[in-house]
Amino acid sequence: MPRQFFVGGNFKMNPISRGQKESIISVLNSADLDSTTEIVIAPPSLYLIPLKDTVRSELQVSAQNCYFKDSGAFTGEISPAQLVDAGIPYVILGHSERRTLFHETSEFVAQKTKAALNATLKVILCVGETLPERETGQTAVVVQKQLQAVVDVLQESDWGGVVIAYEPVWAIGTGKVATSAQAQEAHLDIRTFLSQAVSPAVAENTRIIYGGSVTAANCKELSTQPDVDGFLVGGASLKPEFVNIINARR
Ligand code: G3P
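Description of the structure in this document. (Residues numbered from 1 in each chain as written. Predicted model: local features only at pLDDT ≥ 70, side-chain atom pairs only at ≥ 80, totals over all residues. Heavy atoms only, no water.)

Some details on the site of the ligand
Then, number 1: In the vicinity of the ligand, 13 residues are found, and the nearest of them are H95, E167, G173, S213 and G235.
Then, number 2: A distance of 2.9 Å separates an oxygen atom of the ligand from a polar atom in the side chain of K12.
Then, number 3: Between H95 and the ligand, the recorded distance is 2.7 Å, taken from a side-chain N or O atom to an oxygen atom.
Then, number 4: When the ligand sits alone it has 310 Å² of accessible area, and the protein chains cover 95% of it.
Then, number 5: Judged by the fraction of its atoms near the pocket grid, the ligand is located in the second largest pocket.
Then, number 6: Its residues placed into classes, the shell around the ligand shows 4 nonpolar, 7 polar and 2 charged. (Near = heavy atom within 4 Å. Polar contact = N/O pair within 3.5 Å; in protein donor to acceptor, adjacent residues only side chain to side chain. Areas by Shrake-Rupley, 256 points an atom, 1.4 Å probe, with all protein chains shown as cover. 1 Å grid on protein atoms, 1.4 Å probe; cavity = no way out; pocket = protein on both sides within 12 Å on 5 of 7 lines; lining within 4 Å. Sits in = over half its atoms within 2 Å of the grid points. Nonpolar A, V, L, I, M, F, W, Y, C, P; charged D, E, K, R; others polar.)

Some thoughts on unusual backbone geometry
Then, number 1: Between N14 and the following residue, P15, the backbone shows a cis peptide bond with an omega angle of -10 degrees.
Then, number 2: With respect to the helices, strands and loops of the structure, P15 is situated in the loop between β1 (6-10) and α1 (18-30).
Then, number 3: Positive phi values are uncommon outside glycine, yet H103 reaches one of about 55 degrees.
Then, number 4: Within the secondary structure, H103 sits in the loop between α4 (96-101) and α5 (106-118). (Helix = DSSP H or I, 4+ residues; strand = E, 2+ residues; numbered from the N terminus.)

Details of the layout of surface pockets
Then, number 1: Of the volumes computed, that of the largest pocket is approximately 520 Å³.
Then, number 2: In terms of lining residues, the largest pocket is bounded by 20 residues, among which K12, Q64, N65, R98 and F102 are the most central.
Then, number 3: Sorting elements by how many residues they give to the lining of the largest pocket places α4 first, with 3 residues.
Then, number 4: Taken together, the residues of the lining of the largest pocket break down into 10 nonpolar, 6 polar and 4 charged.
Then, number 5: Taken as a whole, the second largest pocket holds about 270 Å³ of empty space.
Then, number 6: Surrounding the second largest pocket, 21 residues form its lining, G173, S213, G234, G235 and A236 being those nearest its centre.
Then, number 7: Per-class residue counts for the lining of the second largest pocket are 6 nonpolar, 11 polar and 4 charged. (Points joined across faces, edges and corners; volume = space filled by probe spheres on them.)

Observations concerning empty space enclosed by the protein
Then, number 1: In the structure shown here, the tally under the stated rule is 2 cavities of 30 Å³ or more.
Then, number 2: By volume, the largest cavity amounts to about 50 Å³.
Then, number 3: Forming the boundary of the largest cavity are T139, A140, V143, Q144, A186, D189 and I190.
Then, number 4: Where the lining of the largest cavity is concerned, the elements lending two or more residues are α7 (139-151) and α8 (180-197).
Then, number 5: The dominant element in the lining of the largest cavity, judged by the number of residues it contributes, is α7, at 4 residues.
Then, number 6: Of the residues assigned to the lining of the largest cavity, the class counts are 4 nonpolar, 2 polar and 1 charged.

Some details on the nonpolar core
Then, number 1: By size, the foremost hydrophobic cluster in this structure holds 64 residues, and its most contacted members are I41, Y210 and F231.
Then, number 2: Those residues in contact with Y210 that lie beyond four places of it in its chain are Y166, P168, A171, V177, A178, A183, H187, L222, V228, G230, F231 and L232.
Then, number 3: Listed in part, the 11 residues of the second largest apolar core include V163, A165, I209 and L232. (Core = buried A, V, L, I, M, F, W, Y, C linked by side-chain atoms within 4.5 Å. Buried < 20%, exposed > 50% of the residue type's maximum accessible area, 1.4 Å probe, protein only. Contact = heavy atoms within 4.5 Å.)

Okay, here's the thing in structure tokens:
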């Protein structure tokens, strides 16, 4: 079965007002969206429930992070169980901003991934190399190390709930998009790794999406690559052009 094209909008710590949020949603709610694309939007946690209640049914909502415990004295955190109870189906984990700014290790990301999957959340798992790592030829090694930590704690059956987002750090928010050849090479490396480290079936079925300065102008070419199964979009997901990205394969 072909892998379903997947487009996620990671709003990060935006928008800054409820009015802006409403205008983004009204664009999405009235747009002509490709019904074959799985669409997920990840607003700040403050907006998860109101968004879930106001977006059209084809759009799913995702948290941008969660902790690995169910409940307790963990100020500022949200648990997988709470997200499930609120009807939120997805969570983004391991984003480079969390790895870098909040010092999340690959082992911690893996622990949270396992907890989220156990709670029946689906996980958008982000991996990617920095510019110095790419320039010194370490892209595949770095990404495999990030993935290996997750491979170590998941069962083969868990992978059905995982979408991998390859997000080269140098392309995030910089306007420097990976070429379609660079994206394809990295995605194929990830698929080959999954085949060896988990199983050929998991490698074949897991969506590997690209994130990093995706726009309406560059999404079509990227989407033609055989191992690019969609996008995780930051800045452009806050603009009307997000609709064009959702419809990239049309
Ligand atoms: O998670 C999406 C992301 O990090 C890419 O951000 O703004 O480069 O599309 P942006």
